[in-house]
Amino acid sequence: MAYVYVNLLMENPDNMAAYREKAGAALQKHGATVLVSAPSQTVIEGSRDETGIGVLLEFADVDAAKAWINDPELQETHALRRSAGKSAITLLG
């Protein structure tokens, strides 16, 4: 299994709503499961940059996670997420 952590500081709720309409199908295409989606996060030790919406995704393997983020057919969907705010996506695995 491979895990992807997404931190999104939402700046444009309309674009986020448009992204959410397409995100499920994009994730399903690559076999991803949303394990956790939280509207806020709390750092309980150490320090880091700002946090926003936190999402933990599970993929079958690293290749599936990379295929999702690099899928040419999903670039419009990823662009919607990027236009919704500042995001950082981290592959754990």
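Everything here concerns the structure above.
Colleague: Sorry if this is basic, but what is going on with the side chain of H78 here?
Modeller: Relative to the helices and strands, H78 resides in helix α3 (residues 75–84). Take H78: its relative accessible area is 1%, and that puts it in the buried class. A distance of 3.0 Å separates the side chain of H78 from the backbone oxygen of W68, its partner in a polar contact.

Colleague: Help me understand the layout of surface pockets, please; the structure alone is not making it clear to me.
Modeller: To find leftover empty space, one rolls a probe the size of a water molecule over the atoms. The computed volume of the largest pocket comes to approximately 250 Å³. What lines the largest pocket is a set of 15 residues, among which M16, Y19, A23, S37 and V55 lie closest to the centre. For the lining of the largest pocket, the secondary-structure elements that each account for two or more residues are β1 (2–10), α1 (13–29), β2 (33–38) and β3 (53–59). The element contributing the most residues to the lining of the largest pocket is α1, with 5 residues. Looking at the lining of the largest pocket residue by residue, the classes come out as 12 nonpolar, 1 polar and 2 charged.

Rules used in this analysis
- Residues numbered from 1 in each chain as written.
- Predicted model: local features only at pLDDT ≥ 70, side-chain atom pairs only at ≥ 80, totals over all residues.
- Heavy atoms only, no water.
- Helix = DSSP H or I, 4+ residues; strand = E, 2+ residues; numbered from the N terminus.
- Buried < 20%, exposed > 50% of the residue type's maximum accessible area, 1.4 Å probe, protein only.
- Polar contact = N/O pair within 3.5 Å; in protein donor to acceptor, adjacent residues only side chain to side chain.
- 1 Å grid on protein atoms, 1.4 Å probe; cavity = no way out; pocket = protein on both sides within 12 Å on 5 of 7 lines; lining within 4 Å.
- Points joined across faces, edges and corners; volume = space filled by probe spheres on them.
- Nonpolar A, V, L, I, M, F, W, Y, C, P; charged D, E, K, R; others polar.

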